[in-house]
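# Descriptive structure summary
Given next are the chains, with one letter for each unit.
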Amino acid sequence: MTPIDRFAELNAPASWQAVDFISDLHLQASEPETFEAFERYLREPSPGPADALFILGDLFEVWVGDDVLDGPSPLTDEHRFQRDCAAALQAHSRRTPIYFLHGNRDFLFGPKALAASGMHSLNDPTVLVFQEQRWLLSHGDALCLEDTDYMRFREQVRQASWQNEFLAQPLAQRDAVARELRSQSEARKRRTGNDPSLWADVDADAARAWLGHAHAHALIHGHTHRPADHALGHGLGRTVLSDWDAGATPPRAEVLRLDSLGLHRLPLCAG
Ligand code: MN
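Every value quoted in this text rests on a predicted model; they were computed, and no experiment measured them. Residue positions are counted from 1 within each chain, in the order its sequence is given. Local features in this predicted model are restricted to residues of pLDDT 70 or higher, and side-chain atom pairs are both shown and tallied only at a pLDDT of 80 or more, whereas totals for entire chains, interfaces and linings draw on every residue. Heavy atoms throughout the structure, all of them, feed into the side-chain values; hydrogens and water do not.

### Overview of the overall build of the chain
Along the backbone of the chain there are 7 helices and 12 strands. Two things to know: the radius of gyration comes from C-alpha atoms, and the globule rule equals 2.2 Å times the number of residues to the power 0.38. Computed over the C-alpha atoms, the radius of gyration of the chain is 18 Å, within 12% of the 18 Å expected from 2.2 N^0.38 for a compact globule of 271 residues. Summarising its shape, the C-alpha atoms of the chain cover approximately 50 × 40 × 35 Å along the three principal directions. A 1.4 Å probe rolled over the protein chains alone gives each residue an accessible area, and that area as a share of the maximum for its type sets the label: buried under 20%, exposed over 50%, partly exposed in between. Going through the 271 residues of the chain one by one, you find that 49% of them count as buried. Taking as baseline every contact in the chain between residues at least 6 positions apart, the subset at least 24 positions apart corresponds to 68%. Of the roughly 13200 Å² of accessible surface on the chain, 51% is carried by carbon and sulfur atoms. Distance between charge centres in the chain, computed from 26 positive and 39 negative side chains, equals 2 Å. A helix here means a DSSP run of H or I that spans at least four residues, while a strand means a run of E at least two residues long, and both kinds are numbered starting from the N terminus. We call two residues in contact when some of their heavy atoms are within 4.5 Å. The Shrake-Rupley method, run with a 1.4 Å probe sphere, supplies the accessible areas, and residue values consider only the shown protein chains as cover. Positive: Lys, Arg. Negative: Asp, Glu. His and the chain ends are not part of the count. The atom standing in for a charge is NZ when the residue is Lys, CZ when it is Arg, CG when it is Asp and CD when it is Glu.

Following this line, the structure appears as structure tokens:
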């Protein structure tokens, strides 16, 4: 694991009463139900609006570069869909601040896309200081140490040199690379089963080390698609966000809300 010298901190304004966390929506044109559930949440959050929205990675299934938002006409349906997502976020951001940190799918979501979506960028991890408590926010993939192949891949693709080289390729070529990676991952899922409980999980010692370093009592993360609350000993814990798939049976779409009473899971779909 890459050592991190100093964790970023965000101090919530004293006026904030409630904040929402989501991750792993994996928004894609082929899953319109999930985008609709997200739009419904943006339009009429229940029970009432939060003062900020934190998106902890993998908002998009894939992001091949901010230039999908450029030009008068999008190249593909996926790009058109991604423009619609950016516009919905931009509209919401005029009422409620939105913070975003990268997941393993949308790590190329860059400054232009952030501006187009009206979102503020967060480092992974970031300490959120809310009502005098310190919460550590992360996507979570950097803590899944057991998956050594992925850790090597992550190390490579998070380097500026790799990213510059990739982004220098024509957009259509990057789309092709993304499709190839996706079909490899689908094939892997068919071999090993599409059951998140078989995937690598967050390493408990690494999570405790991060929390100690951050002087935080709880880690909030996504990525593993295994929503649960885990005690880590010594009063420490981690809370895992649900992934979203509003077209699944039963549908999955959940917001984690933090207010003065603590954390609450708010399911968005009936079923
Ligand atoms: Mn992920």
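### Regarding the side chain of Arg 257
Structurally, Arg 257 is set in strand β11 (residues 254–259). Assessed through its relative accessible area of 5%, Arg 257 is described here as buried. Polar contact is the term for a pair of N or O atoms within 3.5 Å; when the atoms are in protein, one must be able to donate a hydrogen and the other to accept it, and sequence-neighboring residues count only if both atoms are side-chain atoms. Within the local environment of Arg 257, its side chain forms a polar contact with the backbone oxygen of Gly 48, the two atoms lying 2.9 Å apart. With residues up to four places along the chain from it excluded, the contact list for Arg 257 reads Ala 18, Val 19, Asp 20, Pro 45, Pro 47, Gly 48, Pro 49, Ala 50, Gly 262, Leu 263, His 264 and Leu 266.

### Quick look at the coordination of the manganese ion
We call an atom a donor if it is N, O or S and sits within 2.8 Å of the metal, or 3.2 Å for Na, K and Ca. Water is not counted, so some sites may look partial. Protein ligation of the manganese ion involves Asp 58 (OD), Asn 104 (OD1), His 139 (NE2) and His 223 (ND1), the donor distances falling in the range 2.1 to 2.3 Å. For the manganese ion, the donor residues sit on a single chain with the sequence spacing D-x45-N-x34-H-x83-H. With a gap of 35 residues between them, Asn 104 in the loop between β4 (98–101) and α3 (111–117) and His 139 in the loop between β7 (133–137) and α4 (148–157) connect regions that are remote in the sequence. Owing to a relative accessible area of 17%, Asn 104 belongs among the buried residues under this scheme. For His 139, a relative accessible area of 0% translates into the label buried.

### Comments concerning the pairing of β7
In the sheet, strand β6 (residues 126–130) pairs with β7 via 5 bridges, with the strands oriented antiparallel. Across the sheet, residue Phe 130 finds its bridge partner in β7, namely Gln 133. DSSP-based pairing: two strands are paired if at least 2 bridges between them are found. The pairing of β7 with strand β8 (residues 218–221) spans 3 bridges and is classified as parallel. Paired with Trp 135 across the bridge in β8 is Ala 218.

### Remarks on the layout of surface pockets
Here the largest pocket is characterised by a volume of approximately 1500 Å³. The rule is simple: put a 1 Å grid over the protein atoms alone, call a set of points where a 1.4 Å probe fits but cannot get out a cavity, call an open set with protein on both sides within 12 Å along at least five of seven lines a pocket, and count a residue as lining if it has an atom within 4 Å of a point. Around the largest pocket sit 43 residues that line it, and Asn 104, Arg 105, Ser 185, Arg 188 and Lys 189 are the ones nearest its centre. For the lining of the largest pocket, the secondary structure elements donating two or more residues are α4, α5 (160–167) and α6 (171–192). No other element matches the 11 residues that α6 contributes to the lining of the largest pocket. As a working rule, the residues Ala, Val, Leu, Ile, Met, Phe, Trp, Tyr, Cys and Pro are called nonpolar, Asp, Glu, Lys and Arg charged, and the rest polar, with Gly in that last group. Taken together, the residues of the lining of the largest pocket break down into 18 nonpolar, 11 polar and 14 charged. Grid points are joined across faces, edges and corners, and a volume is the space filled by probe spheres set on the points.

### Section: the environment of Arg 154
Among the structural elements, Arg 154 can be located in helix α4. Along the chain, Arg 154 and Phe 107 lie 47 residues apart, while their C-alpha atoms are 9.7 Å from each other. Of the polar contacts made by the side chain of Arg 154, one reaches the side chain of Asp 141; its length is 2.8 Å.

### A word on the nonpolar core
For the purposes of this section, nonpolar cores are sets of buried Ala, Val, Leu, Ile, Met, Phe, Trp, Tyr and Cys residues that join through side-chain atoms within 4.5 Å. One finds Leu 27, Phe 38, Ile 55, Leu 59 and Met 119 to be the most contacted residues of the largest nonpolar core, which totals 36 residues. Of all elements in the fold, only α1 (32–43), β3 (52–56), α2 (77–93), β4, α3 and α6 reach the threshold of two or more residues within this core. In contact with Leu 27, not counting residues within four places along its chain, are Thr 34, Phe 35, Phe 38, Leu 59, Phe 60, Glu 61, Glu 78, Phe 81 and Cys 85. Ala 12, Ala 218, Leu 256 and Leu 258 belong to the second-largest nonpolar core, a separate cluster that totals 20 residues.

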